[in-house]
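# Summary of the model geometry
Residues per chain are reported as follows:
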Protein chains: 2
Amino acid sequence: MVIQYKDKQYFTSKDLALSVIGGRWKIAIIWCLLHETPLRLSEIQKKLPDANQRMLIRQLRELEEDKIITRYVYPVVPPKVEYKLSEVGLLLEPVVTSICNFGDQFMQTIEQEADSTLVD
Amino acid sequence: MVIQYKDKQYFTSKDLALSVIGGRWKIAIIWCLLHETPLRLSEIQKKLPDANQRMLIRQLRELEEDKIITRYVYPVVPPKVEYKLSEVGLLLEPVVTSICNFGDQFMQTIEQEADSTLVD
DNA sequence: TGCAATACTGACTCTTTTGTCACTATGAAC
DNA sequence: GTTCATAGTGACAAAAGAGTCAGTATTGCA
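Before going into details, it helps to say that this report is about the structure given with it. Bear in mind the structure is a predicted one, so any value in this text is a computation, not a measurement.

The next point concerns the protein's contact with DNA strand C. Surveying the vicinity of DNA strand C reveals 21 residues, the closest of which are Arg-24 and Arg-58 of chain A together with Arg-54, Arg-71 and Tyr-83 of chain B. The sugar and phosphate moieties of DNA strand C supply 53% of its atoms located within 4 Å of the protein. At 2.5 Å from a base nitrogen of DNA strand C is found a side-chain nitrogen or oxygen belonging to Arg-58 of chain A. If you list the elements that add at least two residues to the surface near DNA strand C, you get α4 (53-65) of chain A together with α3 (41-47), α4 (53-65) and β5 (80-85) of chain B. For the surface near DNA strand C, the class distribution of residues is nine nonpolar, five polar and seven charged.

In structure tokens form, the structure reads like this:
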């Protein structure tokens, strides 16, 4: 089975999934939008202060292209644009949740190790 | 909260998780080891023919460093080395599963779209 | 002697991703 | 007419990641 998507070939649906969520800030953006929605660019920036604006916009554009998020532009000045997860985007909730859970568990094992190193 | 791990700082456990699973072949390797274990390098190579050996070894080394997999070397010639998921590595099962599920669902939406494009 | 099998390393290049900087547009308020 | 706020783009530099190629070690066997 070969999946053709956006000029690339993917051999498993898993690889396809990774191409969608694989970007420095994408999981973080989706996480934000799962917790509060809709969000404006300026609000996402506040929640992810380490990502610069240019980078965030790029990731948002890619997510939009993949139809993970929707973008609604209000015809006002100064501009107002709202981002929210699409129906397909909401399907990523289990992915984000399981990553968070693993992160917590992994962190605990690191801390335990640090503790036992101190004890030695 | 700041997590120090391997000379880097992570601001959330989610970022830490991503640093562990974020490598071109890591999810694929973990997927293989969830389905069949233990596996030798040569067996993993057969299952992931698009990854070259050097690359696989690098990813395996990193996973080993993060204690996601264990590596057992048999003292024989020619060499025999077995890889399997550690206890911590097994915690990644929900992550891999949810990514696969999302991949399948995402693929369906793409296919539906392709169908409707044909209909138009 | 020379080759086979397996796992692995070093040094390098190439590509992709990420980050930075300066810049644009709009209309209202002062 | 200058300034503000918001969202955005273009062009480039830097860094990280991925991929390639040639080479190592071991021991048994023909």
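Quick look at the relation of the copies chain B and chain A now. Note that the two copies of the chain are related through a rotation about an axis and a translation along the same axis. Superposing chain B onto chain A takes a rotation of 180° combined with a translation of 0.0 Å along the rotation axis, leaving an RMSD of 0.0 Å. Overall, the copies show the geometry of a two-fold rotation axis. Closest approach to the rotation axis among the C-alpha atoms of chain B is made by Val-95 of chain B, whose C-alpha sits 3.1 Å away. Most of the interface of chain B is mirrored in chain A, where 100% of its interface residues again form contacts.

Next up on the list: the interface of chain B and chain A. In this complex, chain B contributes 35 residues to the contact, which on the side of chain A involves 35 residues. Of the roughly 3000 Å² buried where chain B meets chain A, counting both sides, 80% is carbon and sulfur surface. In terms of surface lost to chain A, no three residues of chain B exceed Lys-14, Phe-102 and Phe-106 of chain B, which account for 22% of the buried area on that side. Along the contact surface separating chain B from chain A lie two salt bridges. Here chain B is connected to chain A by five residue pairs in polar contact (both at pLDDT 80 or more). Counting only elements with at least two residues in the side of chain B that touches chain A, the list comes to β1 (3-5), α1 (13-21), α2 (26-35) and α6 (93-119) of chain B. Top element by residues in the side of chain B that touches chain A is α6 of chain B. It accounts for 14 residues. A per-class count over the side of chain B that touches chain A returns 24 nonpolar, five polar and six charged.

Basis of the calculations
- Residues numbered from 1 in each chain as written.
- Chains lettered and ligands numbered in written order.
- Predicted model: local features only at pLDDT ≥ 70, side-chain atom pairs only at ≥ 80, totals over all residues.
- Heavy atoms only, no water.
- Near = heavy atom within 4 Å.
- Polar contact = N/O pair within 3.5 Å; in protein donor to acceptor, adjacent residues only side chain to side chain.
- Helix = DSSP H or I, 4+ residues; strand = E, 2+ residues; numbered from the N terminus.
- Nonpolar A, V, L, I, M, F, W, Y, C, P; charged D, E, K, R; others polar.
- Least-squares fit on C-alpha atoms with pLDDT ≥ 70 in both.
- Contact = heavy atoms within 4.5 Å.
- Buried area = accessible area lost by both parts, 1.4 Å probe.
- Salt bridge = Lys/Arg side-chain N within 4 Å of Asp/Glu carboxyl O.

In short, shape yes, function no, at least from these values alone.
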